[in-house]
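Reading the structure
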Amino acid sequence: MKRLVLFLLLGLASNLAFAQTGSISGKITDENKLGLPGASVYIEALQLGTSTDVNGNYALVNVPSGSHQLTISFIGYTKLEQNVSVAEGQTTEISLSMEPGVNIGTEILILGDRLKGQAKAINQQRSNMNITNIVAADQIGRFPDANIGDALKRIPGITIQGDQGEARNFIVRGLAPQLNSVMINGDRIPSAEGDNRNIQLDLIPSDMIQTIEVNKALTPDMDADAIGGSVNLVTRSAPNGLRVSGTLASGFNFLSDKPIWTGTIIVGNRFLNNKLGVLVSANYNNHQFGSDNIEAQWTDEAESPLTEEDIEVDPYTESFEIRRYLIQRIRRSLSATLDYQINANNLITFRSIYNWRDDWENRFRLTYDDIEPIFEDETENIVGYEAVAVRQTKGGRGDDRVDNRRLEDQRVYNFSLRGDHLIASKIKLNWMTAFARASEERPGERYIGYVTDDSFELNTNFSDPEFPRISPADNGDVALSNFNELDELTEERGETFEKDINGRLDLEIPLKISNNQGFIKFGGRLRYKEKERNNNFFEYSPLDEDAFANLGLLSTSDQSDADFLAGGQYAAGDFVTPEFLGALDLNNPNLFEREEAFDEYLAANFRASETITGGYLMWNQNISNKFSFLAGLRIENTQIDYTGNNVLDEEELLGEVNRTDSYTNIMPGLHLRYAVNDDLIIRAAWTNTLARPNYYDLVPFRDQRDEDEELFIGNPNLDPTTSMNFDLGVDKYFESIGLVSGNFFYKNIDEFIYINQQEDYSDEFVDDYVLFEPLNGGTANLYGIELSFQRQLDFLPGIWKGLGVYLNYTYNHSEADGIRNEDGEEREGLALPGTAPHIFNASLSFETKKLVLRASLNYADSYLDEVGGDDFTDRYYDSQLFLDINGSYAFTPQLRFFFEVNNLTNQPLRYFQGIDARTMQSEYYNVRFNAGLKFDLFK
């Protein structure tokens, strides 16, 4: 070890003190003056090279003084050669523009807009040391994807969890959202979610992002909190000349029969002799839609009329719901980027993005609740079922902002300032400081519900558990006048925020050993996070009870729909109108008595802070012109300070509970890269990563629910989940914009977290309750393969050269130990929650210089989503199959028409309980269509 350190020090000294060298820097752009990421910049005689960053910038350091020939190559573009003279201790600026075109025999393949985007992604992926997947901005446009989540689901190894028909959370290689990270420009995005660290991807329009980078094998200079993978969203950079582009579009949602409106504008230019670059972009999207939904909770136990003990019975629904949602989402996004090139060695960049989504929702829910068997006299033979019915309307205050609907106001913004410096034409110094904040507010959210005071007999049919049928045996039992008990009249406010302040410093020193180039890089990061949830909840009782005696006395509307997508047999019926609910003067003491409902929010409120300090050291070295390695170590220390509420009997606050903790993780890593030739690359990696527990899991709260005899508690003693990861990948690239790749991965995961359900729990406050507590499990082993193929079929004759194929397949397998059932016994044979065994993407495209057509298929297998108390109560996320089509036609290089059709399969969001035939939730969204014009003006 001492010899190795001495060897490195001598190498550094010889590089820094004695070599007569300079550097070359600049930017490589395409024919439209847009940066080309991943372009190879190489001096063959010296076996010295580098690649451009995501903006097309490069810096080639430690170049001997004298004349050299610079070679720039980029898949899909014509190779460039440029003579350059380097002076000792100085930086020579060389910026070049490349022309698209691929020689195919005697012909040249002309790149359209889609292929240019694909070329940028492939080149960047090829130049990376680690295993990554890249989606470039133009490539996002080739798929019918409105938000970042929908674009991600096309990438190998990624599945998406949706919300109201839009992609929201993502799973990487079978690992749940909380085991992955999302960043903007290398900075972790704070979460607006109250319970967890998940980032809602439907908050960010894809038009605001230049590149999506999915890092599946992290290097030591990256934050380590991403076991599955790290997604980095890179915002757009200032162009090299005046550029004005945008989108104007409208569409139609076939469920709501409402229009969709979308607009984007991007303006950029350079000033002050090209030293100052400015880019401003804005996006607006207004979508009115909805969903048709059924939900069920199943049981296989019932109380015997003979022994009053639980007996096993055929499964039936103990609760069944018919839901109708009416939703409007308005997204607004603003972004600004400024960069100032002080000189060839110093660049300062400011980036900012502000995303604001308003989500208004009305929900009408019919519930057949407390369903119980009817037994034949003096037997245990079930002859029918009975239940009560509840009709509930979700809405909000009637003011102009809330507008009689539940309003979820989510905002995320990020500001960062970065410096890139080249010291003495040798040493790269980078620094960054950033501030980010996420928030969610729900002002004046209201509910009103009526229940039948007596149970009534049902008509039931459970022979098809995918579509269980439940209805009253006598419709008179559910007449509005029979809903004569006001079950709830409430208003609540929800407020959650998280802010993140952080900075980092990186230093990279060149290292040359036996004429082979390399570098030593080290640095650190400091991040401070605050999280707080502060909700309240009030229940109201009308003083004039006669006016609210039954549902029939109030203003109602029929929400039944013969075309209900889950089936016309599900009739929702009549509900209180949102306008009536919103107009109620609830806080007038002459009309309503108000009571604070502590049990609804007191245990949920918390405060948390985290301080994360990280540092790393890594060595990247070429052993030959084919083989290189990257070895390093990352250390992260986490200090937490969490405060929660101790609530007794659901409403008595015993006081706040505060807990602090500190832990340190040491994570070594090794990456190997072997280029058989320029187009065939083998990569291998050994890495160690972590995932910190969800916020609410760490809160030292106690939530005692006496009515249900349930107890929920937090666990501030949770350890982070850690993983040792092994990756092996082979990539073959084609000059005609193509790629064949295969990757094998294995993860050994320790201390994963699950919610443990324990029966018959007792302590000084409760006796024989059901306890729910987050616990660290044992270990889990996850392995799989990713296969990918994309290629323009340029070998076909004539017009058929325009055909392109994109295919990828992922296989995941996992085994988890240490999960216990409700009786405390360890369960066997469980997969790690979130692991979809099979994922498949396919698309077929046709492209000419003006016309692009594409059909895209996305399939993800079903997987375990949440571990229950036993096999019967485990919840699964059902398989998904999406079919989308899109296309565009360029009237001129500056103006094109486009269209998108999404969800042609009318794929529902579906959960099932225990077995795939037993529906827990099935929510349908129908098809949506969008079309418009894109313009791009530049010089």
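All residue numbers here refer to positions counted from 1 along the written sequence of the relevant chain. Selection of residues for local features in this predicted model requires a pLDDT of at least 70, selection of side-chain atom pairs for listing and counting requires 80 or more, and totals for whole chains, interfaces and linings are taken over all residues. To obtain the side-chain values, all non-hydrogen atoms of the structure were used and water was disregarded.

1. Some points on the overall build of the chain
Where we set the bar: The numbering of helices and of strands both runs from the N terminus, where a helix is a DSSP run of H or I of at least 4 residues and a strand a run of E of at least 2. Only C-alpha atoms enter the radius of gyration, while the globule expectation follows 2.2 Å times N to the 0.38, with N the number of residues. In this scheme, a residue with accessible area under 20% of its type's maximum is buried, one over 50% is exposed, and one in between is partly exposed, where area comes from a 1.4 Å probe on protein chains only. Between two residues, a contact is recorded if the distance between any of their heavy atoms is within 4.5 Å. Here the accessible surface of atoms and residues is derived via Shrake-Rupley with a 1.4 Å probe, and residues count as covered only by protein chains that are part of the display. For the charge count, each Lys or Arg is scored as positive and each Asp or Glu as negative, with His and the chain ends excluded. Where a charge lies is defined by one atom per residue type: Lys uses NZ, Arg uses CZ, Asp uses CG and Glu uses CD.
Of regular secondary structure, the chain possesses six helices and 54 strands. For the chain, the C-alpha radius of gyration of 30 Å lies close to 30 Å, the compact-globule estimate for 939 residues. Counting only C-alpha atoms, the chain reaches 100 × 65 × 50 Å along its principal axes. Within the chain, buried positions represent 58% of all 939 residues. Sequence separation of at least 24 residues holds for 70% of the intrachain contacts in the chain that already meet a minimum separation of 6. Per element, the accessible surface of the chain, about 37300 Å² overall, is 50% carbon and sulfur. Charged side chains of the chain number 81 positive and 145 negative; the gap between the two group centres comes to 18 Å.

2. Concerning the pairing of strand S35 (residues 627-648)
Regular strands place their side chains on alternate faces of the sheet. The test is simple: For two strands to be treated as a pair, DSSP must find at least two bridges joining them.
Counting buried positions along S35 yields 16 of 22 residues, so the element is predominantly enclosed. Here strand S34 (residues 606-622) folds back onto S35 in antiparallel fashion, the turn holding four residues. With 22 bridges joining them, S35 and strand S36 (residues 652-677) adopt antiparallel strand pairing. Opposite Gln639, over in S36, you have Ser662 as the bridge partner. Strand direction decides the pairing type here: S35 and strand S38 (residues 702-705), joined by two bridges, are parallel. Across the sheet, residue Val647 finds its bridge partner in S38, namely Asp703.

3. Points about the pairing of strand S51 (residues 895-902)
As paired elements, strand S50 (residues 880-892) and S51 share seven bridges and run antiparallel to each other. Across the sheet, the residue bridging to Gly887 is Phe899, located in S51. Direction of pairing for S51 relative to strand S54 (residues 928-938): antiparallel, over a ladder of eight bridges. Within S54, the position partnered with Val901 by the bridge is Phe929.

4. Some points on the sheet that holds strand S15 (residues 187-188)
Spatially, S11-S16-S17-S14-S15 is the arrangement adopted by the five strands of the open sheet, whose pairing is mixed. In this open sheet, the two edge strands, each paired with only one partner strand, are strand S11 (132-136) and S15. Pairing analysis gives four bridges linking strand S14 (residues 181-184) to strand S17 (residues 230-235), with the strands arranged parallel. Across the sheet, the residue bridging to Ser181 is Ser230, located in S17.

5. Side note on the side chain of Thr452
Applicable threshold: Throughout this description, a polar contact denotes any pair of N or O atoms lying within 3.5 Å of each other; where both atoms belong to protein, one of them has to be capable of donating a hydrogen while the other can accept it, and for residues adjacent in sequence the pair is counted only when both atoms sit in side chains.
Relative to the helices and strands, Thr452 is located in the loop between strand S25 (427-451) and strand S26 (456-461). In terms of polar contacts, Thr452 uses its side chain to reach the backbone carbonyl oxygen of Asp454, at 3.2 Å. Not counting chain neighbours up to four residues away, the residues in contact with Thr452 comprise Val388, Ala389, Asp477, Asn482, Phe483 and Asn484.

6. Here's the deal with unusual backbone geometry
A positive phi angle, near 65°, is found at Glu751, a position not held by glycine. Within the element layout of this structure, Glu751 appears in the loop between strand S41 (738-750) and strand S42 (753-761). Relative accessible area serves as the criterion here: at 25%, Glu751 is assigned to the partly exposed category. The phi dihedral of Asp760 is positive, around 55°, even though this residue is not glycine. Structurally, the position occupied by Asp760 is in strand S42. Looking at Asp760, the relative accessible area reads 55%, which means it is exposed.

7. A few points about the confidence of the model for the chain
Quick reminder of the rule: Per-residue confidence from the predictor is reported as pLDDT, a score between 0 and 100.
Within the chain, residue pLDDT values average 89, and 95% of them lie at 70 or more. Highest mean pLDDT in the chain belongs to helix H5 (residues 578-583) (98); lowest belongs to helix H1 (residues 2-18) (49).

8. Notes on the pattern of salt bridges
Formally: What counts as a salt bridge is simple: a side-chain nitrogen of Lys or Arg found within 4 Å of a carboxyl oxygen of Asp or Glu.
Scanning all chains against the criterion turns up 61 salt bridges. Among the salt bridges present, the one from Arg527 reaches Asp223, with a minimum N-O distance of 3.3 Å. Of this pair, Arg527 sits in strand S29 (residues 516-533) while Asp223 sits in the loop between strand S16 (209-215) and S17, and the two are 304 residues apart along the sequence. Comparing Arg527 with Asp223, the two get one shared label, buried. For Glu321, the salt bridge identified is with Arg323, shortest N-O distance 2.7 Å. For Glu321, a relative accessible area of 12% puts it in the buried group. Overall, the relative accessible area of 10% leaves Arg323 in the buried class.

9. Quick word on the environment of Phe456
Following the sequence through the fold, Phe456 ends up in strand S26. What makes Phe456 buried here is its relative accessible area of 6%. Discounting residues that sit within four places of it in the chain, Phe456 has contacts with Tyr368, Tyr385, Glu386, Ala387, Val388, Ala389, Pro472, Asp477 and Val478.

10. Some words on the environment of Asn269
One can find Asn269 in strand S19 (residues 258-271). Leave out the neighbours within four places in its chain, and Asn269 touches Pro239, Gly241, Leu242, Leu276, Gly277 and Val278. A polar side-chain atom of Asn269 sits 3.1 Å from the main-chain amide nitrogen of Leu242.

11. Some remarks on a nonpolar patch on the surface
We apply this condition: Patch criteria: residues need more than 30% relative accessible area and no salt bridge. Like-charged residues are merged within 9 Å; nonpolar side chains of Val, Leu, Ile, Met, Phe, Trp and Tyr are merged within 5 Å.
Together, Tyr674, Val676, Ile682, Leu728, Val730, Phe744, Tyr783, Ile785 and Leu787 give the surface a local cluster of nonpolar side chains, amounting to about 690 Å² of exposed area. The dominant element in the nonpolar patch, judged by the number of residues it contributes, is strand S44 (residues 779-792), at three residues. Relative to the helices and strands, Leu728 is located in strand S40 (residues 721-734). Classification of Leu728 by relative accessible area gives partly exposed; the value is 43%.

12. Considering the sheet that holds strand S6 (residues 80-86)
Which entries qualify depends on this criterion: Axis definition: a line fitted to C-alpha atoms, over the contacting stretch in the case of helices. Angles run 0 to 180 degrees between N-to-C directions.
Pairing is antiparallel in the open sheet, where four strands are placed in the order S3-S2-S5-S6. The open sheet is flanked by strand S3 (48-51) and S6, the only strands paired with a single partner. The mean angle between the axes of side-by-side strands here comes to 25°, regardless of whether they run parallel or antiparallel. Of the pairings in the sheet, the one linking strand S5 (residues 66-73) to S6 comprises seven bridges and is antiparallel in character. Considered in S6, the bridge of Gln69 is made with Asn83.

13. Overview of the nonpolar core
Cut-off, in case you're wondering: As used in this record, nonpolar core signifies buried Ala, Val, Leu, Ile, Met, Phe, Trp, Tyr and Cys residues forming a set joined through side-chain atoms within 4.5 Å.
Formed by 43 residues in total, the largest nonpolar core has its most connected members in Phe320, Tyr368, Ile371, Leu458 and Leu489. Going through the elements one at a time, strand S20 (276-303), strand S21 (310-343), strand S22 (346-375), strand S23 (382-396), S25, S26, strand S30 (536-542) and strand S32 (574-576) are the ones with two or more residues in this core. Setting aside anything within four residues of it in sequence, one finds Tyr368 in contact with Glu318, Ser319, Phe320, Val388, Ala389, Phe456, Leu458, Ile470, Ser471 and Pro472. Counting 28 residues, the second-largest nonpolar core is a separate cluster that includes Ala39, Ile43, Val63 and Tyr733.

14. A short note on empty space enclosed by the protein
Inclusion rule: Computed over the protein atoms alone on a 1 Å grid, cavities are sets of points where a 1.4 Å probe fits but cannot get out and pockets are open sets with protein on both sides within 12 Å along at least five of seven lines; a residue lines them when it has an atom within 4 Å of a point. Grid points are joined across faces, edges and corners, and a volume is the space filled by probe spheres set on the points. For this classification, Asp, Glu, Lys and Arg are treated as charged, while Ala, Val, Leu, Ile, Met, Phe, Trp, Tyr, Cys and Pro are nonpolar and the rest, including Gly, are polar.
Counting across every chain of the model gives nine cavities of 30 Å³ or more. A volume near 310 Å³ is recorded for the largest cavity. Around the largest cavity sit 28 residues that line it, and Lys153, Gly165, Glu166, Ala167 and Phe882 are the ones nearest its centre. Ranked by residues supplied to the lining of the largest cavity, first place goes to strand S12 (residues 158-163) with four residues. In terms of residue class, the lining of the largest cavity is made up of 10 nonpolar, 13 polar and five charged.

15. What about the packing of aromatic side chains?
Note the cut-off: A pair of Phe, Tyr and Trp rings is counted when the ring centres sit within 6.5 Å of each other, with Trp represented by its six-membered ring. The angle between the planes then sorts it: under 30 degrees is stacked, over 60 is edge-to-face, the rest tilted.
One pass over the structure, following the stated rule, counts 22 aromatic pairs. Where Tyr385 meets Phe462, the ring centres are 5.4 Å apart and the plane angle is 80°; that geometry is what we call edge-to-face. On the criterion of sequence distance, the pair formed by Tyr385 in strand S23 and Phe462 in the loop between S26 and strand S27 (469-472) is long-range, its members being 77 residues apart. The same class applies to Tyr385 and to Phe462, which are both buried. Grouping aromatic residues by their ring pairs yields a cluster made of Trp298, Tyr316, Tyr385 and Phe462.

16. Some details on the side chain of Ser230
Its place among the elements puts Ser230 in strand S17. By relative accessible area, Ser230 is classed as buried at 2%. A distance of 3.2 Å separates a polar atom in the side chain of Ser230 from a polar atom in the side chain of Ser181. Leave out the neighbours within four places in its chain, and Ser230 touches Ser181, Met183, Glu213, Val214, Asn215 and Leu218.

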